[in-house]
Protein chains: 2
Amino acid sequence: MHDFKNVALAAAVMICASSLRAAAPTAGELPAKKPLTVAEILAASAHTDWQTLDPQNTLYLELASGRVIIQLAPQFAPHHVANVEALAREGYFDGLWIIRAQDNYVVQWGDPDGKKPIHSAQRTAAAEFERSSRGVPLTPLTDFDTYAPEVGFSDGFPTAIDPKLGRAWLIHCYGMVGAGRDNDVDSGGGTELYAVIGQAPRHLDRNVTLLGKVVQGMELLSSLPRGTGPLGFYEKPEQRMLITAVKVASDLPESQRTPLEELRTDTQTFTDYIEARRNRHEEWFKVPAGHVDVCNLPIPVRPRMVPMATH
Amino acid sequence: MHDFKNVALAAAVMICASSLRAAAPTAGELPAKKPLTVAEILAASAHTDWQTLDPQNTLYLELASGRVIIQLAPQFAPHHVANVEALAREGYFDGLWIIRAQDNYVVQWGDPDGKKPIHSAQRTAAAEFERSSRGVPLTPLTDFDTYAPEVGFSDGFPTAIDPKLGRAWLIHCYGMVGAGRDNDVDSGGGTELYAVIGQAPRHLDRNVTLLGKVVQGMELLSSLPRGTGPLGFYEKPEQRMLITAVKVASDLPESQRTPLEELRTDTQTFTDYIEARRNRHEEWFKVPAGHVDVCNLPIPVRPRMVPMATH
């Protein structure tokens, strides 16, 4: 069995009594015709169903507790991504803090005073809340969405499309990363970033620039003590968690990178994964939901596996 | 301004840059005709819009970090609620632990070995996944729901109804509390309880008995370190958090209770609250969502306020 880490945990979700944990059914015990479970689909996937994360669009947020890995989305927010990478390269985030943790909402990091000098990067960038839907590949979800006319997955990101308007935008699912802003829509830019740690705050869609998603280490953010000030900001400096560094993965030597690969969302395996989460066939489930929300389909990510050589 | 605590934080949600935190608009600055914001609606509510939580259906989960307060739902799970109260009264939970924290899913507590003796309570109870919709009051949500034919709020709980089947059930929103079970549907009963700490796992609806929701102290559960074993179980006993006690509020003297009141979901104020969250009118928002998910409407809870005497 491959080490799917968080993927396998997310896939095998059930509310079981702890005493029977070991009794979960395994693939070998199932009748041949039974629809596959998530775990079985992933175990049977081809290595070509997976793609290595591009180190040039991968950000490492380094904390004392570990590394949070963020996959960037330049196809949706090219200027914000370029600016965040420029900020990282000039060391802007190093020595700053996680300054906010609001329960069931977001964790946010940056400069609490907004005064740290910026050199080669920009302090702000124009809004990238949405883009033309032209050229946006989409694996559509057939389920009705409460918020958007059409939803699905585009290059690994939960995406909404309004065909009438010809517009596309990223969706605020759990783990998505965006750029905080003030009331002026163009006041963001990436000096302050946030990650969603609760129920998808879909009312933020098209109101703020999303630029990526956490693919590993999410629990280091979501388990932070909540701030007790307004909006979950920490009230005392000593409550903030220090950011050791933020680095673009490609700037680090190979030996210091975390090689990950993600299930391609344009594959039959991913379509099978959606169906297996829409209607669970693990023995524990009695009533399949028959539907699935776009934010209940986290994209499987695993350590990169080198295909075996053929002899 | 009343102390709405978490309510006000949840209501005033926005992704603002920290440097402009103090610049949020206040009621006095808004033009007269502008639709009200969540904060304004709550501030203008009548005290009759609120109801005191019934201490006989309120559970206190006592941790070293503080008190988690759970409102029970006997109208949906009478036998589970009665059994959990019986378990609490015989001290079953006292000295047990939080044994599981799975990111973006659930925190679970109980006896890791399932062997602690039970005296007056029962070890299991028959499934209460759903009930007849007859007699279930509902403030319906007009927005389309991905999972259920009809959703809304019933006595403060997010509720789904299937009019064709004449069935009603509670919805797995953030903070909802349920009874873990094994593969046998009747193997639950409340000896192991869980709370939702992530994106609403709606695929669990009608598959497991929900019996209440956390109304205060949710952050004490959601910020726990995630377990690294399968399904987020803690691997070492010392990683578990001790449960000092679980008590029914009415069994404690008044001085030891936490008096709370909840916005009634059958009031015009609550309907206004839904609309204000469906279409945000705070200055920060540029594109109102026009829709709202049943799990993006946490029920406002605040410390009980004694109505002022008229002179």
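Keep in mind that what you see is a predicted model, and the values were worked out from it rather than measured.

(A) A look at helix H3 (residues 78-89) of chain B. Residues and elements named next belong to chain B. An ideal rise of 1.5 Å per residue puts 16 Å on 12 residues; H3 measures up with 16 Å between its terminal C-alpha atoms. Listed in full, the buried residues belonging to H3 are His-80, Val-81, Asn-83, Val-84, Glu-85, Leu-87 and Ala-88. On its buried side, H3 packs onto strand E2 (58-63), strand E3 (66-72), strand E11 (176-179), strand E12 (193-196), strand E13 (209-216) and strand E14 (241-248). Within two residues after H3, Gly-91 carries a phi angle of roughly 75 degrees, on the positive side.

(B) Spotlight on the environment of Pro-201 of chain A. All names here are of chain A. Locating Pro-201 in the fold gives a position in the loop between strand E12 (193-196) and strand E13 (209-216). C-alpha of Pro-201 to C-alpha of Asn-104: the two residues are 97 residues apart in sequence and 9.1 Å apart in space. Setting aside anything within four residues of it in sequence, one finds Pro-201 in contact with Tyr-105, His-172 and Val-196.

(C) Here's a closer look at the sheet that holds strand E10 (residues 167-170) of chain A. Residues and elements named next belong to chain A. An order of E6-E10-E9-E8-E7 is seen for the 5 strands of this open sheet, with the pairing classed as antiparallel. Both edges of this open sheet fall to strand E6 (131-132) and strand E7 (139-140), since each of them pairs with a single strand only. Pairing of strand E9 (residues 157-162) with E10, which is carried by 4 bridges, proceeds in the antiparallel orientation. Bridging from a neighbouring strand, Ile-161 pairs with Ala-168 of E10.

(D) The pairing of strand E11 (residues 176-179) of chain A, seen in detail. Residue and element names in this part refer to chain A. Residues of E11 alternate between two faces, with Met-176 and Gly-178 on one and Val-177 and Ala-179 on the opposite face, all of them buried. Pairing analysis gives 4 bridges linking E11 to E13, with the strands arranged antiparallel. The residue of E13 that forms the bridge with Gly-178 is Leu-210. Inspection of the sheet shows E11 paired to E12 by 3 bridges, in the antiparallel sense.

(E) How the structure looks around the relation of the copies chain A and chain B. Placing chain A over chain B gives an RMSD of 0.0 Å and needs a rotation angle of 180 degrees, together with 0.0 Å of translation along the axis. The two molecules are tied by a two-fold rotation axis, judged by turn and shift. Taken together, the interface assignments show that 100% of the residues at the interface of chain A recur at the interface of chain B, consistent with an identical surface on both copies.

(F) Summary view of the state of the cysteines. Residues and elements named next belong to chain A. In this structure the tally under the stated criterion is 2 disulfides over all chains. Here Cys-173 pairs with Cys-295 through a disulfide, and the sulfurs are 2.1 Å apart. The sign of the S-S torsion, about -75 degrees, decides the handedness of the disulfide formed by Cys-173 and Cys-295: left-handed. In this pair, Cys-173 is assigned in the loop between E10 and E11 and Cys-295 in the loop between helix H5 (268-278) and strand E16 (301-303), connecting sequence segments 122 residues apart. Like Cys-295, Cys-173 is buried.

(G) Structural detail: the packing of aromatic side chains. By the definition in use, this model includes 9 aromatic pairs over all chains. With centroids separated by 5.1 Å and ring planes inclined at 80 degrees, the aromatic side chains of Phe-153 of chain B and Phe-270 of chain B adopt a geometry described as edge-to-face. On the criterion of sequence distance, the pair formed by Phe-153 of chain B in strand E8 (residues 150-154) and Phe-270 of chain B in helix H5 (residues 268-278) is long-range, its members being 117 residues apart. For Phe-270 of chain B, a relative accessible area of 0% corresponds to the buried category. Here the aromatic cluster, defined as three or more aromatic residues joined through ring pairs, consists of Phe-153, Phe-270 and Tyr-273 of chain A. Over the ring of Trp-169 of chain A we find Arg-206 of chain A; its NZ or CZ atom is 4.2 Å from the centre of that ring. The ring of Trp-50 of chain A has Arg-302 of chain A sitting right over it, with the charged end atom 3.8 Å from the ring centre.

(H) Structural detail: the interface of chain A and chain B. Counting from both sides, the interface comprises 69 residues of chain A and, opposite them, 69 residues of chain B. Interface of chain A and chain B: buried area, both sides summed, is about 6,300 Å²; carbon and sulfur atoms make up 54% of it. Put simply, chain A and chain B have 0 salt bridges between them. Applying the counting rule to chain A against chain B returns 30 residue pairs in polar contact (both at pLDDT 80 or more). Looking at the side of chain A that touches chain B, the elements with two or more residues in it are helix H1 (6-11), strand E4 (97-102), strand E5 (106-110) and helix H4 (218-222) of chain A. Looking at the side of chain A that touches chain B, its residues break down into 34 nonpolar, 17 polar and 18 charged.

Conventions adopted
- Residues numbered from 1 in each chain as written.
- Chains lettered and ligands numbered in written order.
- Predicted model: local features only at pLDDT ≥ 70, side-chain atom pairs only at ≥ 80, totals over all residues.
- Heavy atoms only, no water.
- Helix = DSSP H or I, 4+ residues; strand = E, 2+ residues; numbered from the N terminus.
- Expected span 1.5 Å × (residues − 1).
- Buried < 20%, exposed > 50% of the residue type's maximum accessible area, 1.4 Å probe, protein only.
- Contact = heavy atoms within 4.5 Å.
- Pairing = 2+ DSSP bridges.
- Least-squares fit on C-alpha atoms with pLDDT ≥ 70 in both.
- Disulfide = S-S within 2.5 Å.
- Phe/Tyr/Trp six-rings, centres within 6.5 Å; stacked < 30°, edge-to-face > 60°.
- Lys NZ or Arg CZ within 6 Å of the ring centre and 35° of its normal.
- Buried area = accessible area lost by both parts, 1.4 Å probe.
- Salt bridge = Lys/Arg side-chain N within 4 Å of Asp/Glu carboxyl O.
- Polar contact = N/O pair within 3.5 Å; in protein donor to acceptor, adjacent residues only side chain to side chain.
- Nonpolar A, V, L, I, M, F, W, Y, C, P; charged D, E, K, R; others polar.

This is a description of form; function is not addressed.
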